[in-house]
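Chains, contacts and geometry: an overview
Next come the chains, spelled out residue by residue.
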Amino acid sequence: MSVGLRIEAVERHFQGFCALDAVSLDVAPGELLALLGPSGSGKTTLLRLIAGLDHADAGRVLFDGVDANSLTLRERRIGFVFQNYALFRHMRVFENIAFGLKARPSATRPPEGEIRRRVHALLELVQLAGLEARFPAQLSGGQRQRVALARALAIEPRVLLLDEPFGALDARVRQDLRAWLRDLHDKTGHTTVFVTHDQDEALGLADRIAILNKGRIEQVGTPDAVYDAPETGFVCGFLGETNSLPVSILNGAAQFSGFALRDAGTLPDGTKAELFVRPHEIALSEPRPGLLTGTILHIRRHGGIRRADIAISGLIKPLKAEIAPDIAFSPGDPVGLALGKAHVFVGQ
Amino acid sequence: MSEQRPATPPLPPRERVGQEHRLIRAVLIVVVLAFLSLFLFMPLATVFIEALSRGVMPYRAAILDADALAAMRLTGLVALVAVSVNVVFGLAASWAIARFDFRGKNLLISLIDLPLSISPVISGLIYILLFGAQGLFGPWLKARGFEVVFALPGIVLATVFVTFPYVARELIPHMQSQGKADEEAALSLGASGWRVFFRITLPNVTWSLLYGVLLCNARAMGEFGAVSVVSGRIRGVTTTLPLHVEILYNEYNAPAAFAVASLLALLALVTLALKVALEWRYREERALSR
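Bear in mind the structure is a predicted one, so any value in this text is a computation, not a measurement. (Residues numbered from 1 in each chain as written. Chains lettered and ligands numbered in written order. Predicted model: local features only at pLDDT ≥ 70, side-chain atom pairs only at ≥ 80, totals over all residues. Heavy atoms only, no water.)

1. Side note on the overall build of chain A
To be explicit about the condition: Strands are runs of DSSP state E lasting at least two residues, helices are runs of H or I lasting at least four, and both sets are numbered from the N terminus onward. A 1.4 Å probe rolled over the protein chains alone gives each residue an accessible area, and that area as a share of the maximum for its type sets the label: buried under 20%, exposed over 50%, partly exposed in between. Note on contacts: a residue pair qualifies if any of its non-hydrogen atoms lie within 4.5 Å across the two residues. Note that accessible areas follow from Shrake-Rupley with a 1.4 Å probe, and for residues the cover is restricted to the protein chains shown.
Secondary structure assignment for chain A yields nine helices and 20 strands. Over its C-alpha atoms, taken along the principal directions, chain A stretches across nearly 80 × 45 × 35 Å. Per-residue burial over chain A gives 48% buried out of 348 residues. Sequence separation of 24 or more characterises 66% of the internal contacts of chain A that already satisfy a separation of 6 or more. Surface summary for chain A: the accessible area is close to 15,600 Å², and the carbon and sulfur share equals 50%.

And the structure:
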């Protein structure tokens, strides 16, 4: 049932503001893809465009090679789960889920008994059996979310679209639902695109992630690929915590105040660039000649790990580094820093 | 061993927020009650007392008088048409304003409120100027057998004009606050435009629509100024209830005037009761849907 989705050079402008700028993206049948980006990056606009709730100023959206513009909303068969679920408040759960089936023209509408059977199967699937007579107002946030999902699944969607599916839920429910949604996707195999601004959600749930910034796609790849091999400074900075240092390329190395921190790859000498390094890629030791040195400002505990803020002369923001449990540093101590894996990008 | 401390009473706060002096409260309440009784309760009571001053039989006679009955029928008919027209107009206007962005939207919102700021007499005169014997379209229509002014169409037109903000004004903020997500959800589920309207849009605004209809109806039945200009006061033919009251009063038939007026007063009381009931239901629904 699920189809592949292709987005070709789509553009969307809102009163002089470019929400989507030549965005192209392929989603394989049965794939679970995350659109990740900060607010205003265009991710929801792209999702609405795929759904047919908005139109592109240029470019095409294709379902299995068919231009979506040649299809009506009904023919597109998109299951859309809205951020605030948009449940029909005056209808009971059963009527909400049955809405899409009952709205079909009489030629393709299943008979009453079949609708009833399907709604109950969906209630079973989203683990809400027994709640069909409730009104949306009588459900918890997580339950509403699942009703919205069941309602979208009822029309046997070719593509399932979720707008910030966990945005309105508290942290614990969010964790549970994330695992549950992954299971559900593995069971049903719908081509699914979801929008999120939470990198943990995207990394933990999606097969692939498309990272958007200012209406452009910065990078598309598996969670491992985008996390371990970011292609731009934005991707590096957006996926998890990172430190950045201004560097200049000299003798084939990225240098910061005279220290060669990393080889410069293909960048020519004289280039100004930015070096990104994650806190756990900084190893702390006693200061030694040839090591970048700094002073520990303070140390804080984040669950199982300890974090130090280290002041470096010539850098306004202190660097964040992880401290191994067996190393005894105190605030005020001078430390030497050795960088592990780091990324160098030119210009932002 | 704990040391026994002398119990010191807590110092009373110098100021308590929201706890104004008792005297101020009492004065305010008395002022409000006095104002209400002077301007609302006493006149309302007077209507009923005057109406029944000569006993029940004259009251019955005044109400069952042929002209009074004709006025009731006319008032009901005018209100029915005006409310229906304004429900359609109000839904269309609020839909357009809440769902679409277009040039001149703010102007449209201001224009909808226009009848509230125009004196009803002017509203009536507009129709005389347009459809009267010397009016713009009057002679043309008259030549084809259509009487607008001093006839039912004129009364309906004037009433529609005066009452058209009421439904739209209730619906616009409600529709705007609800956003369009519900409708988009229904559309993406494959519902047709009509189905979305009747199954989603309309049920979502039921209460504010009823509230608007109630206010619109009360105003339509009670409208005096605009209607008095266009009606021509042909007794038993173009007199609505408020006009009938005035005619009786001008004929020094105060008991009959008050008898008919008591019907309008009753309408006001029923409207008030329904309004309170609707607000209750509506608030409950609002609380549930949050």
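2. Regarding the packing of aromatic side chains
Our working definition: Between the rings of Phe, Tyr and Trp (Trp by its six-membered ring), a pair exists once the centres lie within 6.5 Å; its type follows the angle of the planes, with under 30 degrees stacked, over 60 edge-to-face, and the other angles tilted. Only when the NZ atom of a Lys or the CZ atom of an Arg is both within 6 Å of the ring centre and within 35 degrees of the ring normal do we say a charge sits over the ring.
Within the structure shown, the criterion is met by 13 aromatic pairs over all chains. Seen in terms of ring centroids, B:Trp95 and B:Phe197 are 6.2 Å apart; in terms of plane orientation they differ by 65°. Their pairing is edge-to-face. Taken together, the positions of B:Trp95 in helix α3 (residues 66-99) and B:Phe197 in helix α10 (residues 193-204) put the pair 102 residues apart, joining distant regions of the chain. Exposure remark for B:Phe197: the relative accessible area of 17% places this residue in the buried category. Measuring from ring centre to ring centre gives 5.1 Å for B:Phe197 and B:Phe198, while their planes differ by 85°; the resulting arrangement is edge-to-face. According to the relative accessible area criterion, B:Phe198 is partly exposed, its value standing at 48%. Among the aromatic residues, those joined into a cluster by ring pairs are B:Phe89, B:Tyr127, B:Phe131, B:Phe137, B:Phe161 and B:Phe164. The ring of A:Tyr227 carries the charged tip of A:Arg278 above its face, separated from the ring centre by 4.1 Å. Here the basic side chain of B:Arg195 rests over the ring of A:Phe99, its NZ or CZ set 5.7 Å away from the ring centre.

3. Let's talk about helix α4 (residues 105-117) of chain B
Residue and element names in this part refer to chain B. Going by this rule: A helix is expected to span 1.5 Å multiplied by its residue count minus one.
With 13 residues, α4 ought to run about 18 Å at 1.5 Å a step, and its terminal C-alpha atoms sit 19 Å apart, in line with that. Among the residues making up α4, those that are buried are Lys105, Ile112 and Pro115. Each element contacted by the buried residues of α4 is listed here: α3, α7 (152-163) and α8 (165-178).

4. Considering a nonpolar patch on the surface
Residue and element names in this part refer to chain B. Going by this rule: Patch membership requires over 30% relative accessible area and the absence of a salt bridge. Like charges are linked within 9 Å, and nonpolar side chains (Val, Leu, Ile, Met, Phe, Trp, Tyr) within 5 Å. We define a salt bridge as a side-chain nitrogen of Lys or Arg found within 4 Å of a carboxyl oxygen belonging to Asp or Glu.
Where nonpolar side chains cluster on the molecular surface, the patch consists of Leu77, Leu80, Val81, Val85 and Leu152 and spans about 390 Å² of accessible area. Here the element with the most residues in the nonpolar patch is α3; it accounts for four residues. Take Val81: it is sitting in helix α3. With relative accessibility at 31%, the residue Val81 sits in the partly exposed group.

5. Regarding the pairing of strand β9 (residues 208-213) of chain A
Residue and element names in this part refer to chain A. The criterion, for reference: When DSSP locates at least two bridges between a pair of strands, those strands are taken to pair.
Here β9 lies mainly inside the structure; five of its six residues are buried. As judged from the four bridges shared by strand β3 (residues 32-36) and β9, these two strands associate in the parallel manner. Note on β9: the bridge partner recorded for Leu33 is Arg208.

6. Brief notes about the packing of helix α5 (residues 141-153) of chain A against helix α6 (residues 171-188) of chain A
All names here are of chain A. Stated precisely, the cut-off is as follows: Axis angles are defined between N-to-C directions and span 0 to 180 degrees, where every axis is a line fitted to C-alpha atoms and, for a helix, only to the segment in contact. Small angles under 35 degrees read as roughly parallel and large ones over 145 as roughly antiparallel, with 65 to 115 read as roughly perpendicular and the rest as oblique. By convention the crossing between two helices is left-handed if the near helix lies anticlockwise of the far one by an angle smaller than a right angle, and right-handed if it lies clockwise.
Between α5 and α6, the least distance of the axes is 11 Å, while the angle of their chain directions is 20°. One way to sum up the angle between α5 and α6 is to call them roughly parallel. Of the two possible hands of crossing, α5 and α6 adopt the one that is right-handed. Residues Gly142, Gln145, Arg146, Leu149 and Leu153 of α5 form the contact with α6, whose own contacting residues are Val173, Leu177, Trp180, Leu181 and Leu184.

7. Examining the nonpolar core
The condition is simple: What is meant by a nonpolar core is a set of buried Ala, Val, Leu, Ile, Met, Phe, Trp, Tyr and Cys residues, joined one to another through side-chain atoms within 4.5 Å.
In this structure, A:Ile97, A:Leu149, A:Leu181, A:Ile209 and A:Ile211 are the most contacted members of the largest nonpolar core, which totals 45 residues. Dropping the residues within four chain positions of it, A:Ile209 is found in contact with A:Ala34, A:Leu36, A:Ala202, A:Leu203, A:Gln219, A:Val220, A:Gly221, A:Pro223 and A:Val226. Among the nonpolar cores identified, the runner-up in size contains 40 residues, and A:Leu25, A:Ala86, A:Phe99 and B:Ala185 belong to it.

8. A few points about α8(B)
Residues and elements named next belong to chain B. For α8, built from 14 residues, the straight-helix expectation of 20 Å at 1.5 Å per residue is met to within 8% by its first-to-last C-alpha distance of 20 Å. Every buried residue of α8 is accounted for by Pro165, Tyr166, Val167, Ala168, Leu171, Ile172, His174, Met175 and Gln178. At the exit of α8 stands Gly179, carrying a positive phi of roughly 70°.

9. Details of unusual backbone geometry
Residue and element names in this part refer to chain A. For Ala22, which is not glycine, the phi dihedral falls at a positive 50°. Assignment of secondary structure puts Ala22 in strand β2 (residues 17-27). The partly exposed category is assigned to Ala22, whose relative accessible area is 40%. In the Ramachandran plot, Gln127 falls in the positive-phi region, its phi being about 60° despite a non-glycine side chain. Looking at the element boundaries, Gln127 is found in the loop between α4 (112-125) and α5.

Read these as spatial facts, not as claims about activity.
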